[in-house]
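# Descriptive analysis of the structure
One-letter residues, chain by chain:
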Amino acid sequence: MTHSVAVFGAAGYAGALSARLLARHPSFELKTVTARSDVGRQLDDLYPHHRVGLELERLDLDRHAGVEAAIVAYPHGAAAELVASLVQRGVRVVDLSADFRLRDPDVYAEWYRPHPEPGLLPGAVYGLPERYREQIAGAEIVANPGCYPTATLLALAPLARAGLIGDVVVDAKSGVSGAGRAATDKTHFVTVDENVSAYGIPRHRHTPEIEQELTALGNDVRITFAAHLLPLDQGELVSCYVTPAGTGGGDVADLYREMYEHERFVELTERPPGVRDVRETNICRISVHRDDRTGRVLVFAVIDNLWKGAASQAVQNLNLMFGLPEGEGIS
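## Some words on the state of the cysteines
- Under the definition given, this model contains 0 disulfides.
- Take Cys147: it sits in no disulfide, and the sulfur closest to it among the cysteines is that of Cys284, at 12 Å.
- Owing to a relative accessible area of 12%, Cys147 belongs among the buried residues under this scheme.
- This cysteine, Cys240, is not joined by any disulfide, and Cys284 carries the nearest cysteine sulfur, 9.7 Å off.
- With relative accessibility at 0%, the residue Cys240 sits in the buried group.

## Remarks on the nonpolar core
- Of all hydrophobic cores here, the largest spans 84 residues; its most connected members are Leu159 and Leu318.
- Take this core: its biggest share by element is 10 residues, from helix 7 (residues 147-161).
- Ignoring anything within four residues of it in the chain, the contact list for Leu318 reads Val5, Leu22, Phe28, Ala69, Ile71 and Val94.
- Counting 21 residues, the second-largest nonpolar core is a separate cluster that includes Val72, Leu82, Val91 and Phe100.

## Things to note about the environment of Ile201
- Counting through the fold element by element, Ile201 comes out in the loop between strand 9 (197-199) and helix 10 (207-216).
- Linking Ile201 and Ala226, residues 25 residues apart in sequence, is a C-alpha distance of 6.6 Å.
- For Ile201, the residues in contact, after removing those within four places along its chain, are Phe225, Ala226 and Ala227.

## As for the side chain of Glu130
- Mapped onto the elements of the fold, Glu130 is located in helix 6 (residues 129-137).
- One polar contact links Glu130 to Lys308, side chain to side chain, over a distance of 3.0 Å.
- Excluding anything up to four places from it in sequence, Glu130 contacts Leu154, Glu263, Phe265, Val266, Lys308, Gln313 and Gln316.

Cut-offs used in this document
Think of each chain on its own: its residues are numbered from 1, step by step along the sequence as written. Local features in this predicted model are restricted to residues of pLDDT 70 or higher, and side-chain atom pairs are both shown and tallied only at a pLDDT of 80 or more, whereas totals for entire chains, interfaces and linings draw on every residue. For side-chain calculations, the full set of non-hydrogen atoms in the structure is used, while hydrogens and water are omitted. Our working definition of a disulfide is a cysteine sulfur pair at a distance within 2.5 Å. The rule is simple: take the accessible area with a 1.4 Å probe, protein chains only, and divide by the maximum for that residue type; under 20% is buried, over 50% is exposed, in between is partly exposed. We call a set of buried Ala, Val, Leu, Ile, Met, Phe, Trp, Tyr and Cys residues a nonpolar core when their side-chain atoms join them within 4.5 Å. Labels follow the DSSP assignment, with helices taken as runs of H or I lasting at least four residues and strands as runs of E lasting at least two, numbered in each case from the N terminus. Should any heavy atoms of two residues lie within 4.5 Å, those residues are considered in contact. Pairs of N or O atoms are called polar contacts if they sit within 3.5 Å, as long as, within protein, a hydrogen donor faces a hydrogen acceptor (for residues adjacent in sequence, only side-chain-to-side-chain pairs).

In structure tokens, the structure reads:
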């Protein structure tokens, strides 16, 4: 049995990769790809390496909402209205924007703008499968996490669950695709090549998302989050410098083994990982170390920002929503 699916916003990096994964998925039939730009072009003309031979169409809900599921790859603030319309028509949605990640509409308004569909927030599930697997399975709206929060939360969840984070600095670095197609199309090669720069300082929009989920784990903490742009096309490394609460006793490595020993897409390694270790996979690779000299705990995590940070995690969530093997189509 196959389930019909559409990708709305397939002209962007994450949307296009989502279409590629679904076009090859054994249990989903990709019926439609839409775009707000490049309408009329074949997706495999825009992104030849994805090999998806569907035409990008202008959104028409009367024609395109007759599917069981959808991935919405619209920008923040633009996705909520479409998600609301799809849910009203019985479509189950994985949303790649930030519109349903924050549970408090006042927090969303502080970091983005007034929420256009606040009534849908209570029913949305945060789409980190390693944390909310059972809730995702029954959800109508799954809010796919941001790429930085995905890596950061997987890196810090074992410590947060134990209440061990007193203070943390997250030093995050991403390839330029993390800025999205609209931004990178305007970014000159000479600006990013042979260069590293911080951005979103001092108030990066992913900060409240990370704090929300650390609090949900039982560790209410304010974080310092600094994002950097690397001259890579894709890949992401987060380096977390944790000052433990209290004595921070015990073997922290045991906390990670206990939480992730049965997680298919989380790998623990003694050697600090690099972004090539996980390129074009749904895997997060984590390394944790205690610095006895300073008392800090150092955690390093890498993901592919377009895969586990966006498209393949969205498909992982769709698999859960439709009772399919979690790794189907992405491993």
